[in-house]
Every structure is written in C-alpha cells, then in structure tokens.
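# Structure at a glance
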Amino acid sequence: MKKKIEVAFIYKPCKTLSKDYYFTHVNNFFMHALKRHEQLVITDYPTKEIFDINNINPNTDIILLPENGNTAANDSCMPNEIKNIDKTDIPILARIGDVYAMKKNDIINNHAKYNITACFSYQPELLFRKYYGQKFKFKTILWGIENSHYDGMVSFNNRIKTKILNSGALAPTKFLSKLMHKYFRAGDAATQYKLRTLCNNLPYVDYTPTLNHEYVGDDYPKLLQKYTASIAATSYCYTTKYLEIPAAGCLTFMEVTDANYARDLGFIDNETAIFINEKNYQSKFEEYLSDVDNKKWEEIANSGRKFVMDNLTNDHAVNNLVELMTELI
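Residues numbered from 1 in each chain as written. Predicted model: local features only at pLDDT ≥ 70, side-chain atom pairs only at ≥ 80, totals over all residues. Heavy atoms only, no water.

## Overview of the overall build of the chain
Looking only at helices and strands, one finds 11 helices and 13 strands in the chain. Within the chain, the proportion of its 329 residues that are buried is 54%. Of the accessible surface of the chain, which amounts to about 15300 Å², a share of 48% is contributed by carbon and sulfur atoms. Each charge class in the chain can be summarised by its mean position, and for the 39 positive and 39 negative side chains these summaries are 4 Å apart. (Helix = DSSP H or I, 4+ residues; strand = E, 2+ residues; numbered from the N terminus. Buried < 20%, exposed > 50% of the residue type's maximum accessible area, 1.4 Å probe, protein only. Areas by Shrake-Rupley, 256 points an atom, 1.4 Å probe, with all protein chains shown as cover. Lys, Arg positive; Asp, Glu negative; His and termini not counted. Charge placed at Lys NZ, Arg CZ, Asp CG, Glu CD.)

## Notes on the packing of helix α1 (residues 25-36) against helix α11 (residues 314-328)
As a packed pair, α1 and α11 sit with axes 9 Å apart at the nearest point and diverge in direction by 75°. Taken together, the axes of α1 and α11 are roughly perpendicular relative to one another. Residues N28, F29, A33, L34 and R36 of α1 lie in contact with α11, whose contacting residues are N314, D315, A317, V318 and L321. (Axes fitted to C-alpha atoms, helices over the stretch in contact; angles between N-to-C directions. Parallel < 35°, antiparallel > 145°, perpendicular 65-115°, else oblique. Contact = heavy atoms within 4.5 Å.)

## Remarks on the pattern of salt bridges
Applying the stated criterion to the full structure yields 17 salt bridges. Note that K139 and E323 form a salt bridge whose closest N and O atoms lie 3.3 Å from each other. Linking K139 in strand β8 (residues 137-140) with E323 in helix α11, this pair joins segments that are 184 residues apart in sequence. For K161, the salt bridge is made with D293, and the minimal N-O distance between the two is 2.8 Å. Of this pair, K161 sits in the loop between β8 and β9 (164-167) while D293 sits in the loop between α9 (281-289) and α10 (295-311), and the two are 132 residues apart along the sequence. (Salt bridge = Lys/Arg side-chain N within 4 Å of Asp/Glu carboxyl O.)

## Remarks on α10
Between its first and last C-alpha, α10 extends 24 Å over 17 residues, near the 24 Å set by a 1.5 Å rise per residue. Turning to α10, its buried residues are W297, E298, I300, A301, G304, F307, V308 and M309. On its buried side, α10 packs onto α8 (241-247), β12 (251-255), β13 (274-276), α9 and α11. For α10, the side-chain oxygen to backbone nitrogen distance between the N-cap and K296 is 3.0 Å, and the N-cap itself is N294. (Expected span 1.5 Å × (residues − 1). Polar contact = N/O pair within 3.5 Å; in protein donor to acceptor, adjacent residues only side chain to side chain.)

Here you go:
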C-alpha cells in the first residue's frame, strides 16, 4: 500500500473557493476532488490575513496553496502573510492563475514571499516558461472536469441540431474598449477571443454570454446538453471549455492552431473533435449544418466525451498532482 501523503491546505475563505461562485471548478477541485483521493490526507487551514506555519500538523508532507499570490483585488484566497514560511523545509506547492497576471502582479516576489517550491496549472509548460522563465518547478495538470456533473447528459439526438452554441467572453469591438483590455487588464481579450467573436456574426450561431444567464458554475453542463454542437475557441491558449464541451457530449468545434497549444490536449481532428481556425471555421460549420443527421457527428461527439472522461477529469488531474507531490517529498 502506498504511503499516505499528509497535505496542509492553507487558504483564506474567498468567493473563488465557494460552491456558490459563478465559476466553481476551483472549489470542486480543492474542496472535493483532492479529498477523494485515497492516498491524500487533506487538512484544511482556513485563515484570515496572517497565518503562522508553526500551527500546522508536524507530520505534514506538503503545504498546498490555492494560488501563487493575491492576483484578484476583490477576491483574495491567500493570507497576506504566512509567518515562518521561510523556516520550514516542507515543500510548498501552489496553483497558478492565468500566466498573463505576470504583467500586472509581482508574482516572482510572491514566490519568494510564500517560499513556493513548485507550481501547477492547466496551462502548457511552454506558455508558463514564456512568462516565468526556467527558475520554478512546474507541471501542467488538466483539471476542471468534475465527473458527476456530466452524468445523465441528454442524448445527442434529442438536442438542438440546426444551431451551434457559442458561449463565454468575447473580444471588445470598440476602439477604446480594445485599448482598455490590452493595456489595463491581465490578458488581451481581443487576441484571446478573436475567433470566438467572429463566430458570433454567423446567423446559425446561438450565443450565451459569460454570466447573464442561469447556467453558471455547476449548471454550465445543462446549457451544453441543449445543443448537439458547440464552439471551443480561444486563440492564445486553450481553456477549460476545451474539456467541458466534449465532456457534455457535444460535437466540439475546437480552435486548434500552432499558436494556442491546443494540440497538446490530445484530441484528434475528425475523431474526437472538429478542428477549426480563422480560415476554415465557416466551411466546417456549414459542412455540419448541411447534413446534421449524419451519424458521424454523433460518433465524433461520443468519442470526444469518452476521451475526456477516460483521461481528463478531476480524478485524473489529482493522480497527476499526487505524482508531483511524490517527487517533491
């Protein structure tokens, strides 16, 4: 039997770790998926602004932090200070947020402040290294899909076929908004959501915005299961949507280019997803819409769902995180 790993999870209660927040994947991973793993013994240490590391169990093997610094001004999940953190020899593991946060937050100093040993994220290592360099130990872990939320999906043939779902944030279209996003926010939405925004100009695309609807958080799969087909398009780097959409049994029109790292996810064009880009997206949509009853669409959707559920759920992610923890101790 493998040795149990004693993990001290230190965090400040925040909206991001709440089940009632508009996105719940962080809560699902840290508060549920981690605690299901038979090798992990998680002890929660909720705290206020200051925490003393001497208060944790002396048998702790790993200290886990929900993020690598207070990157959200109105939703901080990290104590401002962890006393004696520089005096412990226990490895300290932290999740990172969007790598673009490096532009506006002093993340490098946060790594020293919290004495971080290693970090993880769903983002690819090449993108991480672009912003963080070679100094920090890092592992890509594709987390975010809570298995139970994708059980009992509506069957493929009982969904809307003649429309394609598009959901999430869009690129700003007005000149001033573009400047605000580019220079005052962490990431450039005009770049990240370019293709997703172009798709919205098509008459057969149904758009649901990020928050102005009832299907937020854990209810997002309920929106996805209304449609046979949906769009996963982020131009700078893939996002959790690339896993959520196929997990819900949708035929996934997936933006895959040499620039957005989506090939790293392991999907296969015309087998587990339909790859699109700025040159071919309309023709790919029209090929589907001209023959919506063709069985191959359902086969691709089912294969995409199986690929995610067999390889890319939170339980698989925790297995990968345990491997990283084992390396650290």
